[in-house]
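Examination of the molecular architecture
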Amino acid sequence: MTPSNSNNASNSNASNGNATNAAVADVESTIRALEDTRYEAVIAGDVEAFAALAHPELAYTHSNAAVDTLDSYLEKLRSGFYVYHRIEHPVDRILVSGNTAVVVGEMHADLTARGVRKTLANRSLAVWMREGDHWLLLAYQPTVLPKEA
């Protein structure tokens, strides 16, 4: 390999790295927007908008350890079992690997669950999966933050 070929290979690898970084940044931006949209949907009571973002095999775990499927969670939203009044969802980081994105962050909310008003403070993990041209929420898992002493 001549020195000029070596430089071209390095430049090519650098370009590929930049392209990869740009692609990851694009996915991260898309996932942040989808997270905003899904939380906005449940606050607005727009069950169909949430359903459009969810994978058919959704596993939605709640901070009380109850687990819903897509169908059971949608029914709870439709029936008023869960009514979300406010949600803040700071994102710490988004990990992207292939067709999977994992959102690590928090979820703070005021909601009514089964007629009881609650305030939640959770760490959270959301898993998004790309199917074709769309990203769908595959799983959600909150963990209650310890109360400050």
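Higher on the page you've got the structure.
In short, a report on the structure.

Rules of the game
Residues numbered from 1 in each chain as written. Predicted model: local features only at pLDDT ≥ 70, side-chain atom pairs only at ≥ 80, totals over all residues. Heavy atoms only, no water. Helix = DSSP H or I, 4+ residues; strand = E, 2+ residues; numbered from the N terminus. Buried < 20%, exposed > 50% of the residue type's maximum accessible area, 1.4 Å probe, protein only. Contact = heavy atoms within 4.5 Å. Areas by Shrake-Rupley, 256 points an atom, 1.4 Å probe, with all protein chains shown as cover. Pairing = 2+ DSSP bridges. Salt bridge = Lys/Arg side-chain N within 4 Å of Asp/Glu carboxyl O. Polar contact = N/O pair within 3.5 Å; in protein donor to acceptor, adjacent residues only side chain to side chain.

Some details on the overall build of the protein chain
When you go through the protein chain residue by residue, the secondary structure sums to 3 helices and 7 strands. Going from the N terminus to the C terminus, the protein chain shows its helices and strands as α-α-β-β-α-β-β-β-β-β. Each of the 149 residues in the protein chain was classed as buried or not, and the buried ones make up 34%. By sequence separation, contacts in the protein chain at least 24 residues apart represent 48% of the contacts at least 6 residues apart. A total accessible area of about 8600 Å² is found for the protein chain, and carbon and sulfur atoms account for 52% of it.

A look at the pairing of strand S1 (residues 54-61)
Here is the key point about a regular strand: its side chains alternate between the two faces of the sheet. Relative to strand S7 (residues 134-144), S1 is paired through 3 bridges, and the arrangement is parallel. Bridging across to S7, Ala54 finds its partner in Leu137.

Description of the pattern of salt bridges
Under the criterion given, the structure shown has 7 salt bridges. For Arg86, the salt bridge is made with Asp110, and the minimal N-O distance between the two is 2.8 Å. You can see Arg86 sitting in strand S3 (residues 82-88) and its partner Asp110 sitting in strand S5 (residues 100-113), a full 24 residues away along the chain. A relative accessible area of 27% places Arg86 in the partly exposed class. One salt bridge connects Arg123 with Asp92, and the closest N-O pair in it is separated by 2.7 Å. One end of the pair, Arg123, is in strand S6 (residues 116-131); the other, Asp92, is in strand S4 (residues 91-97), and 31 residues separate them in sequence. Overall, the relative accessible area of 30% leaves Arg123 in the partly exposed class. Looking at Asp92, the relative accessible area reads 45%, which means it is partly exposed. Look at the salt bridges and you will find they share partners, linking Arg86, Glu88 and Asp110 into a network.

Focus: the pairing of S7
The sheet contact formed by S6 and S7 spans 10 bridges and is antiparallel. Opposite Arg123, over in S7, you have Thr143 as the bridge partner. Where S6 folds back onto S7 in an antiparallel hairpin, the turn is made up of 2 residues, including Gly132, whose phi is positive at roughly 65°.

Considering the side chain of Arg38
Position of Arg38 among the secondary structure elements: in helix H1 (residues 3-44). Taking relative accessible area as the criterion, Arg38 reaches 2% and is therefore assigned buried. Here Glu35 takes part through its side chain, which lies 2.8 Å from a polar atom of the side chain of Arg38. When sequence neighbours within four positions are dropped, the list of residues in contact with Arg38 reads Phe50, Leu53, Tyr60, Ala126, Trp128, Leu137 and Tyr140.

It is worth stressing that arrangement in space is one thing and function is another; only the former is reported here.
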